[in-house]
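Observations on the three-dimensional arrangement
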Amino acid sequence: MAMNWCWRSILVLIWLFASTTQAIWLDLPATGTKCVSEDIQNNVVVLADFSLINNGHEDAPVHPGPTISVKVTSPYGNNLHHQENMTHGQFAFTTTESGNYLACFWVDGHHPGGKGLTVSLDWRIGIAAKDWESVAKKEKIEGVEFELRKLEGAVEAIHENLIYLKNKEAEMREVSEKTNGRVAWFSIMSIGVCISAALFQVWYLKRFFHKKKLI
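These lines cover the structure that appears in this document, whether it is placed above or below. Since we're looking at a predicted model, the values are computed, not measured. Position numbers for residues count from 1 along each chain, tracking the sequence in the order it is written. Local features in this predicted model are restricted to residues of pLDDT 70 or higher, and side-chain atom pairs are both shown and tallied only at a pLDDT of 80 or more, whereas totals for entire chains, interfaces and linings draw on every residue. The basis for the side-chain values is all heavy atoms of the structure; hydrogens and waters are excluded.

Next up on the list: a nonpolar patch on the surface. For patch detection, residues must exceed 30% relative accessible area and be free of salt bridges, and they are connected within 9 Å for like charges or within 5 Å for nonpolar side chains (Val, Leu, Ile, Met, Phe, Trp, Tyr). Here the open area of atoms and residues is found with the Shrake-Rupley method and a 1.4 Å probe, where only the protein chains shown may cover a residue. Throughout this description, the term salt bridge denotes a Lys or Arg side-chain nitrogen within 4 Å of a carboxyl oxygen of Asp or Glu. Nonpolar side chains collect at one region of the surface, where Phe-200, Trp-203, Tyr-204, Leu-205, Phe-208 and Phe-209 lie side by side and expose about 620 Å² of accessible area between them. For the purposes of this entry, the term helix denotes a DSSP run of H or I that reaches at least four residues, the term strand denotes a run of E that reaches at least two, and both are numbered from the N terminus. Structurally, Tyr-204 can be placed in helix α3 (residues 143–211).

Further remarks concern the side chain of Glu-97. If you trace the backbone, Glu-97 turns up in the loop between β6 (88–94) and β7 (99–107). Polar contacts, as used here, are pairs of N or O atoms within 3.5 Å; protein pairs need one atom able to donate a hydrogen and one able to accept it. Residues neighboring in sequence count only if both atoms are side-chain atoms. A distance of 3.2 Å separates a polar side-chain atom of Glu-97 from the backbone nitrogen of Tyr-76. Within the local environment of Glu-97, its side chain forms a polar contact with the side chain of Asn-78, the two groups lying 2.7 Å apart. Only heavy atoms matter for contacts: two residues are in contact if any of them lie within 4.5 Å across the pair. Each residue touching Glu-97, except ones within four places of it in the same chain, is listed here: Ile-40, Gln-41, Asn-42, Ser-74, Pro-75, Tyr-76 and Asn-78.

On to the state of the cysteines. Whenever a pair of cysteine sulfur atoms sits within 2.5 Å, that pair is classed as a disulfide. On inspection of all chains with the given rule, the structure shows one disulfide. Note on cysteine connectivity: Cys-35 is disulfide-linked to Cys-104, with sulfurs 2.0 Å apart. Residues Cys-35 and Cys-104 are joined through a disulfide that is right-handed, its torsion about the S-S bond being 105°. With Cys-35 in strand β2 (residues 33–40) and Cys-104 in strand β7, this residue pair connects regions lying 69 residues apart in the sequence. Exposed residues in this analysis have more than 50% of their type's maximum accessible area, buried residues have under 20%, and partly exposed residues fall in between, with area computed by a 1.4 Å probe over protein chains only. Given a relative accessible area of 34%, Cys-35 falls into the partly exposed group.

Within the secondary structure, Gln-41 is located in the loop between β2 and β3 (45–52). Gln-41 gets classed as buried once you look at its relative accessible area, which sits at 16%. If we skip the residues at most four places from it in the chain, Gln-41 touches Thr-95, Glu-97, Ser-98, Glu-160, Asn-161 and Tyr-164.

So, on to the pairing of β3. Looking along a regular strand, one sees the side chains alternate between the two faces of the sheet. The buried fraction of β3 amounts to six of the eight residues, a majority that puts the element mostly inside the structure. Strands were regarded as paired on the criterion that DSSP finds at least two bridges between them. Bridge count for β3 against β6 is seven bridges, and the pairing is antiparallel. Residue pairing in the sheet places Ser-51 in a bridge with His-88 of β6. With seven bridges connecting them, β3 and strand β8 (residues 117–125) associate as antiparallel partners. Pairing of Ser-51 across the sheet is with Ser-120, part of β8.

Only rings of Phe, Tyr and Trp enter the pairing, Trp through its six-membered ring, and a pair is recorded when the two centres are within 6.5 Å. The plane angle decides the type: under 30 degrees is stacked, over 60 is edge-to-face, the rest tilted. Scanning the entire structure with this criterion turns up eight aromatic pairs. When the ring of Phe-200 is compared with that of Trp-203, the centres are 5.9 Å apart and the planes differ by 35°; the resulting orientation is tilted. Taken together, the residues span about one helical turn, with Phe-200 and Trp-203 both in helix α3 at a distance of three residues. Site record: aromatic cluster; members linked through ring pairs are Phe-50, Phe-91, Phe-93, Tyr-101, Phe-105 and Trp-123.

As a further point, take the pattern of salt bridges. In this structure the tally under the stated criterion is five salt bridges. Its salt-bridge partner being Asp-49, residue Arg-124 comes within 2.3 Å of it at the nearest N-O pair. Of this pair, Arg-124 sits in strand β8 while Asp-49 sits in strand β3; the two residues are 75 residues apart in sequence, bridging distant segments of the chain. For Asp-49, a relative accessible area of 24% puts it in the partly exposed group. Across the pair Glu-169 and Arg-173 runs a salt bridge whose closest N-O atoms are separated by 2.7 Å. Here Glu-169 pairs with Arg-173, and both are found in helix α3, just four residues apart, close to one helical turn. By relative accessible area, which is 42% here, Arg-173 ends up partly exposed.

Now the structure itself:
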């Protein structure tokens, strides 16, 4: 009985972890850009919804009035999405590069009053961005089977993420080891140069004193 409860708890935690969306609020300055970034591995679906918040109520669109622009770039600087004069919108893409993806927002033109704006950003990645309702209709599954399919997808997503983190940790360790090796060689070379300079100074001073017949 206790073992069954343990496994149920683990499955619930897995599902909560995988289905969590990153909903945040961004305070945009009247001038300037505010960006958010996320480290995402290759071949992952990303879906995001954004909207201006009016008087603290996200459901009330700010229109007519100030608008914002959004630009999304890949780790290598490729432009994935660009929109201007928006009060709300959505962008979606599948990653083709591993690394930090950047989403930047800024206020269009001159905002009357000179005050900044607040943007709500709902950023969903991987399993959280999947349209499960469409999957259920297409494969004609429901109930317990549908929930198990969600859990299976969550487990696969977590497994892939762990492999990605493991590979990244290995790459960082390799870079760290190479850096340590280069620093060690640089230190040895520096010590060698210092010793050579000291010996040269001793030889030069000894020769100078002999020439002046001081010793």
